[in-house]
Amino acid sequence: MPGVFLATLVLVSLVYLALDFHRAYRAFQDRYEGQAQGLAAWVNRYFDHTNQIIRGTLPLQQDLCAPESRSSLDRGLAGLPVSQVQIWSPQGLSCTWQPQRTLYYLKSCASELQDAAVEVPITLDDRRRLLVRLDAACLFSALVPQDGNRPAAYLVPWVRENNRIALDAPLPRETGRAAGAWALPFVPENVVVSAPAADWPVAVMLHVPNAQLTQEWMSTMPLQASLIGVLGLALWFGPMALLRRHLSIEGQVKAALRRGDFFLAYLPTVELSSLDWIGAEALLRWRHARHGVLMPTAFIPWIEQSPLIHDTTRWVMIQVAQDMRRITIRRQAFSVALNVPPHQLADRRLLDVADEAFGTAPRALDRVILELTERQEGDFSSPRVQEVMQGLRERGAQFAIDDFGVGFSNLSLLQQVYVDFVKIDRSFLRSDEQEWERGEMNMLEAVVHLVRKLGTVIIVEGVETEAQLARVQRCGVGFAQGFLFSRPIELEELLAKLGRAAARAQSA
């Protein structure tokens, strides 16, 4: 049981962690999308400012390829990681050069992407424009330090015709995972987000290492472990406690059947005219190794609703058959009743168990009464139930309704199935004493009157006092059970009392 619980908890924890990682991944991506948009807005303003500086420092008619013009352009572009500048006129390319200051800047930023460049056009007037080649990553080296543990930000061309980033955009070199950092294999090497500049044909692209996402998510593991631990404790002491108890009862019942911890106690049925014992009801009892003899309500209702009811009924029938062989030596005409849940009557295996226990001789169940318990509602009109009951009757069995008047045992049941005996529940003996003294009819008399009309033998249960016995006899009932006559006794005591009764009858 602990192993099953642990496996279930591990499975639930993995599902929970997977969902939580998905949430963290989406939040991580949304955060860096916001950062990319912020960098794109900064790039847009920076290029606007650079364009204004260049326009303000160059006369419109000046030859831009002249040394003094290039010096002015170098000063205007000093804040950008420019690797090459081209001057274009209506006739075509005028000149090309590499600014010395920006080359030094490119060298100092130590970009991993110095071989990936982006060309940004700066229009000066209707006739001339600059084509500035920028390093893709050095522009952001001051804003986003480039190392293996942090996002890599760089520029890519932005194609405005279809509003998509160009397919030939420069990609970062594979630098591997950061040393000592966790990286999950089912997540891409980098989380990629992008945002375009509003007025310039470039976009900002961020490559965030998988290791950073993993480290941030793993930092929440203590909290996640605490939540999983609390959930596990709640399950273990809540629903799992009930499940453990359920499984524990099942295991104990199987062990009790295997070890022989169950035994039968017999409650005699008395003929009131002679006070002679003419039969007994076999009651299942459990002599538990730790708790002693258990109360029937502690295990019988559970067994009746569990798959073990078949094995238990088989044990009871076999034990009753063995006991009856000894009982008939003392008293030939002695019947034994045993309880059968209504739902078991729909199981054809009951016929096989009856044959196994009592044999296949004709009328082998002639002295057996099957009592239908009231704890469950049964469909006695179904063809399968009728078939099983008919098979049992052919073997000689008789049927009784147990605890009539309570639960599901009522007059409507008598319309669905024919029974030989009706055992009236003890609750009808608890009527007011004054009703008997005044001679008024009470519930017991009313029930007896209705059942007698059906031609069924009546047995009253729970007779414990002489006054109750007098009530039963006044109603004209011929048979009863109760502690006034005897409590449930084991087989040896039953045989002894039957033997003494037989000896008294012979002496008389």
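Because the structure is a prediction, the values reported are computed rather than measured. (Residues numbered from 1 in each chain as written. Predicted model: local features only at pLDDT ≥ 70, side-chain atom pairs only at ≥ 80, totals over all residues. Heavy atoms only, no water.)

1. Things to note about the confidence of the model for the protein
Spelled out, the test is: Every residue gets a pLDDT, meaning the predictor's confidence in that residue, from 0 to 100. Throughout, a contact is declared for two residues whenever any of their heavy atoms are within 4.5 Å.
On average, residues of the protein score 78 in pLDDT, and 76% of them are at 70 or above. A low-confidence stretch, residues 165-184 (pLDDT under 50), is modelled with 46 contacts involving residues beyond four sequence positions or located in other chains.

2. A few points about unusual backbone geometry
Heads up, the condition is: Numbering of helices and strands runs from the N terminus, with a helix taken as a DSSP run of H or I at least four residues long and a strand as a DSSP run of E at least two residues long.
Phi at Arg363 takes a positive value of approximately 55°, unusual for a residue other than glycine. Phi angles above zero are rare outside glycine, and Asp403 is one such case at about 55°. Along the polypeptide, Asp403 turns up in strand S14 (residues 398-404).

3. Brief notes about the state of the cysteines
Put simply, the test is: In this description, a disulfide is simply a cysteine sulfur pair whose atoms lie within 2.5 Å. The rule is simple: take the accessible area with a 1.4 Å probe, protein chains only, and divide by the maximum for that residue type; under 20% is buried, over 50% is exposed, in between is partly exposed.
Enumeration according to the criterion identifies one disulfide in this entry. Two residues share a disulfide in this structure: Cys65 and Cys95, whose sulfurs sit 2.1 Å from each other. Taking the torsion about the sulfur-sulfur bond, which here is approximately -95°, the covalent link between Cys65 and Cys95 counts as left-handed. Remark: Cys95 occurs in strand S2 (residues 92-97) and Cys65 occurs in the loop between helix H1 (2-57) and helix H2 (67-76); sequence separation between them is 30 residues. Using a relative accessible area of 14% as the deciding quantity, one classes Cys95 as buried.

4. A look at the sheet that holds strand S4 (residues 129-135)
Pairing between the strands of a sheet comes from backbone hydrogen bonds, and it takes one of two forms, parallel or antiparallel. In plain terms, the rule: Pairing between two strands is assigned when DSSP locates at least 2 bridges connecting them. Axes here refer to lines fitted to C-alpha atoms; in helices the fit is confined to the stretch in contact. Angles between the N-to-C directions go from 0 to 180 degrees.
Reading across the sheet, the four strands line up as S2-S1-S4-S3 and stay open at both edges, with antiparallel pairing between neighbours. Both edges of this open sheet fall to S2 and strand S3 (117-123), since each of them pairs with a single strand only. For this sheet the average axis-to-axis angle between neighbouring strands, irrespective of direction, equals 25°. Both strand S1 (residues 82-89) and S4 contribute to a ladder of six bridges, which runs antiparallel. Bridge pairing in S4 places Val85 opposite Val132.

5. Observations regarding the packing of helix H9 (residues 349-358) against helix H10 (residues 383-394)
So the rule is basically this: An angle below 35 degrees is read as roughly parallel, one above 145 as roughly antiparallel, one from 65 to 115 as roughly perpendicular, and any other as oblique. Should the near helix be turned anticlockwise from the far one by less than a right angle, the crossing is left-handed, and should it be turned clockwise, the crossing is right-handed. Under the scheme applied here, ten amino acids are nonpolar (Ala, Val, Leu, Ile, Met, Phe, Trp, Tyr, Cys and Pro), four are charged (Asp, Glu, Lys and Arg), and all others, including Gly, are polar.
Put simply, H9 and H10 touch, their axes get as near as 9 Å, and they point 15° apart. Taken as axis vectors, H9 and H10 run roughly parallel relative to one another. Relative to H10, the crossing made by H9 is right-handed. Here H9 contributes Leu350, Leu351 and Ala354 to the contact with H10, which in turn contributes Val388, Gly391 and Leu392. The class makeup of the residues in the contact of H9 with H10 is five nonpolar, one polar and no charged.

6. Describing the environment of Leu139
Relative to the helices and strands, Leu139 resides in the loop between S4 and strand S5 (152-159). In this structure Leu139 comes out as buried when scored by relative accessible area, which is 5%. Separated by 57 residues in the primary sequence, Leu139 and Val82 place their C-alpha atoms 9.1 Å from one another. Not counting residues within four places of it along the chain, the set of residues in contact with Leu139 comprises Trp42, Val43, Leu80, Pro81 and Leu155.

7. So, the pattern of salt bridges
Under the convention used in this document: Here, a salt bridge means any side-chain nitrogen of Lys or Arg that lies within 4 Å of a carboxyl oxygen of Asp or Glu.
Within this structure, the stated rule accounts for 16 salt bridges. Notably, a salt bridge pairs Asp276 with Arg331, separated by 3.4 Å at the nearest N-O pair. Taken together, the residues Asp276 in strand S10 (residues 276-288) and Arg331 in the loop between helix H8 (309-330) and strand S12 (335-340) connect sequence positions 55 residues apart. Close ionic contact of Asp347 with Arg349 constitutes a salt bridge, the shortest N to O distance being 2.8 Å. Relative accessible area serves as the criterion here: at 41%, Arg349 is assigned to the partly exposed category. Salt bridges linked by common partners bring Glu281, Glu371, Lys423 and Glu461 together as one network.

8. Looking at the side chain of His288
Definition in use: Distance and chemistry together define a polar contact, namely a pair of N or O atoms within 3.5 Å, with one atom able to donate a hydrogen and the other to accept it when in protein, and with adjacent residues in sequence counting only for side-chain atoms on both sides.
Here His288 lies in strand S10. For His288, a relative accessible area of 14% translates into the label buried. Polar side-chain contacts of His288 include one of 2.7 Å to the side chain of Gln252. At 3.3 Å, the side chain of His288 and the backbone nitrogen of His291 are in polar contact. Apart from the residues within four sequence positions on either side, His288 is in contact with Gln252, Val293 and Leu294.

9. Comments concerning the pairing of strand S13 (residues 368-372)
Applied cut-off: Note on handedness: a crossover is taken as right-handed if, strands pointing away from the viewer, the path from the first strand over the helix to the second is clockwise.
The element S13 is extensively covered by neighbouring structure, given that five of its five residues are classed as buried. Residue alternation in S13 divides its side chains into two sets, Val368, Leu370 and Leu372 and Ile369 and Glu371, and both sets are buried. As paired strands, S12 and S13 are joined by five bridges and run parallel to one another. By the bridge assignment for S13, Asn339 is matched with Glu371. The β-α-β motif built from S12, the intervening H9 and the parallel element S13 has right-handed crossover chirality.

10. Quick word on helix H14 (residues 466-474)
As a reminder, the rule being used: This arc describes the spread of directions from the helix axis toward the C-beta atoms.
Every buried residue belonging to H14 is among Gln468, Leu469, Arg471 and Val472, and all of these are buried. Buried residues of H14 fall within an arc of 155° about the axis and therefore sit on the same side. Downstream of H14 by one or two residues, Gly476 has phi in the positive range, about 80°.

11. Here's the deal with the nonpolar core
Selection criterion: Buried Ala, Val, Leu, Ile, Met, Phe, Trp, Tyr and Cys residues form a nonpolar core when they are joined through side-chain atoms within 4.5 Å.
Residues Phe262, Val320, Leu345 and Leu392 are the most contacted members of the largest nonpolar core, which totals 78 residues. Per-element tally for this core: the top contributor is H8, with eight residues. Setting aside its immediate chain neighbours within four residues, Phe262 contacts Val253, Ala256, Leu257, Leu284, Arg285, Trp286, Phe299, Ile303 and Trp315. If you look at the next biggest cluster of nonpolar residues, it comprises 40 residues, including Tyr25, Cys95, Val193 and Leu213.

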